[in-house]
Amino acid sequence: MVVLSNQSALNELFLVKTCNPSTIFTEVPVVDLTHPDAKTIMVKACEELGLFKVVNHGVPLEVITRLENEALKFFKQSQSQKDKASPPDPYGYGSKKIGTNGDMGWVEYLLLSTNPDIVSLKTHQLFHQNPQVFRWCVEEYIGEVKKMCCEVLEKMADGLGMIAEGRNVFSRMIREERSDSCFRVNRYPPCPELKEEGALSGRNLIGFGEHTDPQIISVLRSNNTSGLQICLPDGTWASIPPDHSSFFVNVGDLLQVMTNGRFKSVKHRVLANSSMSRLSMIYFGGPPLNEKIAPLPSLLSREEESLYRELTWREYKNAAYKSRLSDNRITLFQKSADHGHKSSDT
Ligand SMILES: C=C1C[C@]23C[C@@]1(O)CC[C@H]2[C@@]12CC[C@H](O)[C@@](C)(C(=O)O1)[C@H]2[C@@H]3C(=O)O
Ligand SMILES: O=C(O)CCC(=O)C(=O)O
Ligand SMILES: [Fe+2]
């Protein structure tokens, strides 16, 4: 991350007007994975909000801490060392630039693919002094989170009553060897200048701009620094209180399509903090590239029409990667497609 000089501080590109910066969302649905009601609570949360928090998730704390420490070591390296793994194409190390279409954020990150077909040539450069340790920690973490993610997806299928398709209708896509999932570690450096400037102008610093995640499901874990916000059904933004011992699960675009719009792919963003650095690790569960995605027949009642047409994940992903972060990509699936609309409240 480039250190700010006074002149370049708080570049307009990163600032966003926040109507009500202090709205803290205190009603995040909590799913205890060991509780018999888990499936019902998660289905309701996915229908109403598109996000819930998972406790009693079974991912060992040591696994999380080990990876977090390795990630911090990576980001502590000199800029020139980190830049050896950049630019992200899309995998690798990135700073401030998100994607390739002009989006910027107050963030530095590592983006890795779990798809064995996409072997990043830069992988060895991503792993600082002790490449084997970092790689091993990433694999160990992804293994555990993927297991939990599949349990979540199977409970969701149970909750939706997926008798014909089976309870593994979603999880099998993630479990497949060729699943095109990815993993991201984001670090949002503190920005002390924000205190003064932000208070004066009523503006906040955008860490990661508003967007929906294109995959099936995202599983996020962060340190205890706030920043994540979701867009509520009434269109207002609300901050999600951080909880470093839990995971936050959000619905992605593909799950919205497969449930014919019953589950909501939630719009979210991250605001940077003036005094504390936020570190988040997100597993994005995606299907194999050739998987055909369409509303599941058993979720369509007799008179209900399918809202979306069929696309492969490859088609959708290619189009998504040509779009801007805040674009409404799901319209590409919509039957009465009205493409290219932007969504923004800022
Ligand atoms: C601007 C972009 C970054 C992104 C690819 C895209 O063109 C539009 C979707 C973005 C997103 C959001 C969720 C995930 O963080 C991500 C890895 C993904 O799959 O879609 C990012 C992409 C990225 O950073 O490359
Ligand atoms: O870093 C975070 O907390 C969320 C980032 C995010 O939404 C993303 O990487 O898609
Ligand atoms: Fe996201």
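Refer to the structure printed above.
What you are looking at is a predicted structure, and each value in this text was computed from that prediction instead of being measured.

Definitions and limits used
Residues numbered from 1 in each chain as written. Chains lettered and ligands numbered in written order. Predicted model: local features only at pLDDT ≥ 70, side-chain atom pairs only at ≥ 80, totals over all residues. Heavy atoms only, no water. Near = heavy atom within 4 Å. Polar contact = N/O pair within 3.5 Å; in protein donor to acceptor, adjacent residues only side chain to side chain. Areas by Shrake-Rupley, 256 points an atom, 1.4 Å probe, with all protein chains shown as cover. Donors = N, O, S within 2.8 Å, 3.2 Å for Na, K, Ca; no water. Buried < 20%, exposed > 50% of the residue type's maximum accessible area, 1.4 Å probe, protein only. Core = buried A, V, L, I, M, F, W, Y, C linked by side-chain atoms within 4.5 Å. Helix = DSSP H or I, 4+ residues; strand = E, 2+ residues; numbered from the N terminus. Contact = heavy atoms within 4.5 Å. Pairing = 2+ DSSP bridges. Arc of directions from axis to C-beta.

## Topic: the site of ligand 2
In step 1: Taken together, 13 residues form the shell around ligand 2, and within it Asn186, Tyr188, His268, Arg278 and Ser280 come nearest.
In step 2: Contact distances for ligand 2 include 3.0 Å between an oxygen atom and a side-chain N or O atom of Asn186.
In step 3: Take Arg278: an N or O atom from its side chain is 2.7 Å from an oxygen atom of ligand 2.
In step 4: Protein chains bury 98% of the 300 Å² of accessible surface belonging to ligand 2 in isolation.

## Points about the coordination of the iron ion (ligand 3)
In step 1: Looking at the metal site, the iron ion (ligand 3) is ligated by His211 (NE2), Asp213 (OD) and His268 (NE2), spaced 2.1 to 2.2 Å from it.
In step 2: Read in sequence order, the donor residues coordinating the iron ion (ligand 3) give the pattern H-x1-D-x54-H.
In step 3: On the basis of relative accessibility, which here comes to 4%, the residue Asp213 falls in the buried class.

## Looking at the nonpolar core
In step 1: Core analysis: the biggest nonpolar cluster contains 66 residues, and Phe52, Met156 and Phe183 have the highest contact counts within it.
In step 2: The element contributing the most residues to this core is helix H5 (residues 131-159), with 13 residues.
In step 3: If we ignore the near neighbours within four places in the chain, the residues touching Phe52 are Val28, Pro29, Val31, Met42, Ala45, Cys46, Val152, Met156, Phe247, Phe248 and Val249.
In step 4: Ile230, Val266, Val270 and Leu325 belong to the second largest nonpolar core, which has 24 residues in total.

## Observations concerning the pairing of strand E4 (residues 92-98)
In step 1: Of all 7 residues making up E4, 5 are buried, and the element is well covered by its neighbours.
In step 2: Examined bridge by bridge, E4 and strand E5 (residues 103-113) share 6 bridges and lie antiparallel to one another. For Tyr93, the partnering residue across the bridge sits in E5 and is Leu110.
In step 3: Hairpin connection, E4 to E5: the antiparallel pair is bridged by 4 residues, and Gly99 has positive phi, about 65°.

## Concerning helix H9 (residues 313-320)
In step 1: Taken together, the buried positions of H9 are Trp313, Tyr316, Lys317 and Ala320. For H9, the buried positions fall inside an angular range of 95° around the axis, keeping them on one side.
In step 2: Elements in contact with the buried residues of H9: helix H8 (253-258), strand E14 (292-293) and strand E15 (311-312).

Everything listed is a geometric property; what it means functionally is a separate question.
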